[in-house]
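# A closer look at the structure
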Amino acid sequence: MTDRTADALLFFRAWLSAPLRVASVTPSGRALSSLITTEISAETGTVIELGPGTGVFTEALLHRGVSEENLVLVEYGAEFANQLSDRFPAAKTVQMDAAHLRKLPLHTSAPVGAVVSGLPLLSMPLRKVHAILEGAFSHLRHGGAFYQFTYGPKCPIARPLLDRLGLKATHIGWTLANIPPAAVYRISRRKPRTALEGTRRHLLSDGKTDLL
């Protein structure tokens, strides 16, 4: 049995036992792995991966130049966490719920420049998604980004939640080669508004465009 076949069987068994947690019957494909890591390189620094599963995105991060020592793999499922520890011994594998990410102990040599998420956010309660994002951005350096894929037609993080956390979503691209087809979004911090921008917005809302 090849490693890829073994991974597929492990993924399928995990999906049968917890379909809402795993969300797909097969691991993500190479096209999606390439797309979600396209903006990441050795210069990114430490990368936290949420829900690595069998390590498909992890392998793509290594191919992008991220050193294994700069990977922090946060996996809830014991079956996946054990395999990840064996497959990527130099990475830091932590078995925990990503909703508790704020409490994640980090002792890394490089700042966290990216979070790559393989979590099924669409199947999670809003409160849990809020906790995951808040925890992720508590570790991300200034200018760092959170990368999320989805099988849905739009960003899986609702606009009101993005507004509440001061975040914005940018569509990176689609890949039809993945089964099922998927899209990737970059979630990043919004730039703080200046006093002038606030005044302009207030005047526009009052209809006083002649003063702009």
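An account of the accompanying structure is given in this report. Position labels on residues start from 1 in each chain and follow its written sequence. Only residues with pLDDT of at least 70 are given local features in this predicted model, and only at 80 or more are side-chain atom pairs given and counted; all residues enter the totals for whole chains, interfaces and linings. No hydrogens and no water enter the side-chain calculation; it runs on all heavy atoms of the structure.

## Some points on the overall build of the protein
The line we're drawing: What counts as a helix is a DSSP run of H or I of at least four residues, what counts as a strand is a run of E of at least two, and both are numbered from the N terminus. Three exposure classes are used, based on accessible area relative to the maximum for each residue type with a 1.4 Å probe and protein chains only: buried under 20%, partly exposed in between, and exposed over 50%. We call two residues contacting when some pair of their heavy atoms lies within 4.5 Å. In these tables, accessible area is a Shrake-Rupley quantity obtained with a 1.4 Å probe, and a residue counts as shielded only by the protein chains included in the view.
Regarding its fold elements, the protein presents 8 helices and 7 strands. Taking all 212 residues of the protein together, the buried fraction comes to 46%. Here the contacts in the protein between residues at least 6 apart in sequence split such that 64% fall between residues at least 24 apart. Of the roughly 11,300 Å² of accessible surface on the protein, 55% is carried by carbon and sulfur atoms.

## Concerning the packing of aromatic side chains
The description of two aromatic rings rests on the distance between their centres and on the angle between their planes. So the rule is basically this: Each pair of aromatic rings taken from Phe, Tyr and Trp, with Trp reduced to its six-membered ring, is defined by centres within 6.5 Å and is described as stacked if the planes are under 30 degrees apart, edge-to-face if over 60, and tilted in the remaining cases.
In the structure shown here, the tally under the stated rule is 3 aromatic pairs. With a centroid separation of 6.5 Å and 20° between ring planes, the pair formed by Phe137 and Phe146 is classed as stacked. Taking the relative accessible area as the measure of exposure, Phe137 reaches 11% and is therefore buried. Residue class for Phe146 comes out buried when judged on its relative accessible area of 0%.

## Focus on the pairing of strand 3 (residues 92-95)
Successive residues of a regular strand alternate their side chains across the two faces of the sheet. Going by this rule: By definition, two strands form a pair when at least two bridges between them are found by DSSP. By the criterion used throughout, a crossover qualifies as right-handed when its path from the first strand across the helix to the second strand runs clockwise, the strands pointing away from the viewer.
Strand direction decides the pairing type here: strand 2 (residues 71-75) and strand 3, joined by 4 bridges, are parallel. Among the inter-strand pairings, Glu75 is bridged to a residue of strand 3, identified as Gln95. What joins strand 2 to strand 3 is helix 5 (residues 78-87), and the crossover it makes is right-handed.

## Points about the side chain of Thr37
So the rule is basically this: Nitrogen and oxygen atoms within 3.5 Å of one another constitute a polar contact, given that in protein one can donate a hydrogen and the other can accept it, and given that sequence-neighbouring residues count only through two side-chain atoms.
Among the secondary structure elements, Thr37 is positioned in the loop between helix 3 (30-36) and strand 1 (46-50). Residue classification places Thr37 among the buried residues on the basis of a relative accessible area of 0%. Engagement of the side chain of Thr37 in a polar contact is seen with the backbone oxygen of Ser34, the distance being 3.4 Å. Apart from residues lying up to four places away in sequence, Thr37 is in contact with Phe57, Ala60, Leu61 and Arg64.

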